[in-house]
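Below, each chain spelled out in residue letters.
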Amino acid sequence: VGKSWLALQMSCAVASGNGLFGFESAEGSVLYLALEDSHQRLKTRLQKQETTCAEHIHFAVRVPKMQDGLSEQVQSFLHEHPDTSLIIIDTMQHIRSAGSGRNIYADDYADMDELRKIITGSDISLVLITHKRKMGDADPMNRISGSSGLMGGSDGVLLLEKDERNGNTAALHVMNRDTDSYLFKLEFDSFLCEWKLLESGLETTFANETGKLVESFM
């Protein structure tokens, strides 16, 4: 809940160069594959956020699956828009076909490897949006839908979790291979339809005496 609004904020942060939550952004064009939306829904979302950067965000609501030419189509877009800094795919399930069924980890890792080839050798970031598992787990990484092949094939993970489904506050975990992990406390502004930063800090995750993972701000 709220992940597409956050993705749109990220897109605007890059397209405008204004940054997000106190972090600078590399200004450039954005390719946003909004595969769960319609053009009208996107227009409504942009109007609600009162964004002025839409001209630098290129939206698509239908694309071929990976085995049907998605990579080639995206590469063609990048050739026409060499200033692209960010690609967002919302959601990943819409670009995948049924796996082999023999090895879920291998299927997930192969898909991630194919997507990685799109941005290899460039300064482009590729954000793949997926869903959470229904079941709970003390480790945030285990709450993401898919096998560990998805995690193993990515450079980092952002996990957005609302404190209550009908509430307006959430935690955003940022877990990367080559940087410290961060935890952001966010609040959703229902008028502007965007996430506001309440608190941020370096995330320390450890086990307490009950064996459960605990997070704390530093």
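Remember, predicted model here, so these are calculated numbers, not experimental data.

Engineer: Which residues make up the overall build of the protein, and what values go with them?
Structural biologist: If you tally the helices and strands in the protein, you get five helices and 10 strands. Scored against the burial criterion, the 218 residues of the protein give a buried share of 41%. Long-range pairs, those at least 24 residues apart, make up 54% of the contacts in the protein with a sequence separation of at least 6. Carbon together with sulfur atoms contributes 49% to the accessible area of the protein, which is approximately 12,300 Å² in total.

Engineer: Please give an account of the packing of aromatic side chains that cites residues and values.
Structural biologist: Considering all chains together, one arrives at eight aromatic pairs under this definition. Measuring from ring centre to ring centre gives 6.1 Å for Phe-21 and Phe-184, while their planes differ by 35°; the resulting arrangement is tilted. Of the two residues, Phe-21 is situated in the loop between helix H1 (3–16) and strand E1 (29–34) and Phe-184 in strand E7 (residues 182–189); the sequence distance between them amounts to 163 residues. The class for Phe-21 is buried, based on a relative accessible area of 17%. Taken together, the aromatic side chains of Phe-21, Phe-23, Tyr-182 and Phe-184 make up a single cluster linked through ring pairs. Lying over the aromatic face of Trp-5, Arg-45 brings its terminal NZ or CZ to 4.3 Å of the ring centre.

Engineer: Tell me about the packing of H1 against helix H2 (residues 39–49), and please be specific about residues and values.
Structural biologist: For the pair H1 and H2, interaxial distance at closest approach is 11 Å and the crossing angle is 70°. Comparing their axes, H2 and H1 come out roughly perpendicular. Handedness of the crossing formed by H1 with H2: right-handed. Between H1 and H2, the contacting residues are Ser-4, Trp-5, Leu-8 and Gln-9 on the first element and Arg-45, Leu-46, Lys-48 and Gln-49 on the second. Counted by class, the contact of H1 with H2 contains three nonpolar, three polar and two charged residues.

Engineer: Could you give me a rundown of the confidence of the model for the protein, with the residues and numbers involved?
Structural biologist: Should pLDDT be low for a region, the predicted coordinates there are not to be read in detail. Counting all residues, the mean pLDDT for the protein is 82, and 83% of those residues have values of 70 or more. Of all the helices and strands in the protein, strand E10 (residues 213–216) carries the lowest mean pLDDT, 43, while E1 carries the highest, 96.

Engineer: Break down the pairing of strand E2 (residues 57–60) for me, citing the residues and quoting the values.
Structural biologist: Pairing of E1 with E2 involves four bridges; the strand directions are parallel. Looking at the pairing, Tyr-32 lines up with Phe-59 of E2. Read as a crossover between parallel neighbours, the route from E1 over H2 to E2 is right-handed.

Engineer: So what about helix H3 (residues 70–80)? Which residues, and what values?
Structural biologist: Looking at H3, one finds that the buried residues are Leu-70, Ser-71, Val-74, Phe-77 and Leu-78. Around the axis of H3, the buried residues are gathered within 125° of arc, so they sit on the same side. In H3, those exposed residues whose orientation departs by more than 90 degrees from the buried face are Glu-72, His-79 and Glu-80.

Criteria and cut-off values
All residue numbers refer to position in the chain's written sequence, counted from 1. With the structure being a predicted model, the display of local features is reserved for residues of pLDDT at least 70 and the display and counting of side-chain atom pairs for 80 or more, all residues being used for whole-chain, interface and lining totals. Side-chain descriptors were evaluated using all non-hydrogen atoms of the structure, hydrogens and water having been removed beforehand. Going along the chain from the N terminus, every DSSP run of H or I of four or more residues is numbered as a helix, and every run of E of two or more is numbered as a strand. Type-normalised accessible area, obtained with a 1.4 Å probe on protein chains alone, sets the label of each residue: buried when under 20%, exposed when over 50%, and partly exposed for intermediate values. Throughout, a residue-residue contact means that at least one pair of heavy atoms, one from each residue, lies within 4.5 Å. Each accessible area is a Shrake-Rupley result for a 1.4 Å probe, and residues are judged covered by the shown protein chains and nothing else. Stacked, edge-to-face and tilted are the three classes for Phe, Tyr and Trp ring pairs, Trp counted by its six-membered ring, which pair at centre distances within 6.5 Å; planes under 30 degrees apart are stacked, over 60 edge-to-face, the rest tilted. A ring is considered to have a charge above it if a Lys NZ or an Arg CZ atom is located within 6 Å of its centre and within 35 degrees of its normal. The axes are straight lines fitted to the C-alpha atoms, using for helices just the contacting stretch, and the angles between their N-to-C directions are given from 0 to 180°. Angular relationships are summarised with four words: roughly parallel below 35 degrees, roughly antiparallel beyond 145, roughly perpendicular across 65 to 115, and oblique for the angles in between. Should the near helix be turned anticlockwise from the far one by less than a right angle, the crossing is left-handed, and should it be turned clockwise, the crossing is right-handed. Ten residues, namely Ala, Val, Leu, Ile, Met, Phe, Trp, Tyr, Cys and Pro, are considered nonpolar, four, namely Asp, Glu, Lys and Arg, are considered charged, and the remaining ones, Gly among them, are considered polar. pLDDT expresses, on a scale from 0 to 100, how confident the predictor is about each individual residue. The pairing criterion is simple: DSSP has to find at least two bridges between the two strands. With the strands aimed away from the viewer, a crossover counts as right-handed if its path from the first strand over the helix to the second runs clockwise. This arc is taken over the directions from the axis of the helix to the C-beta atoms.

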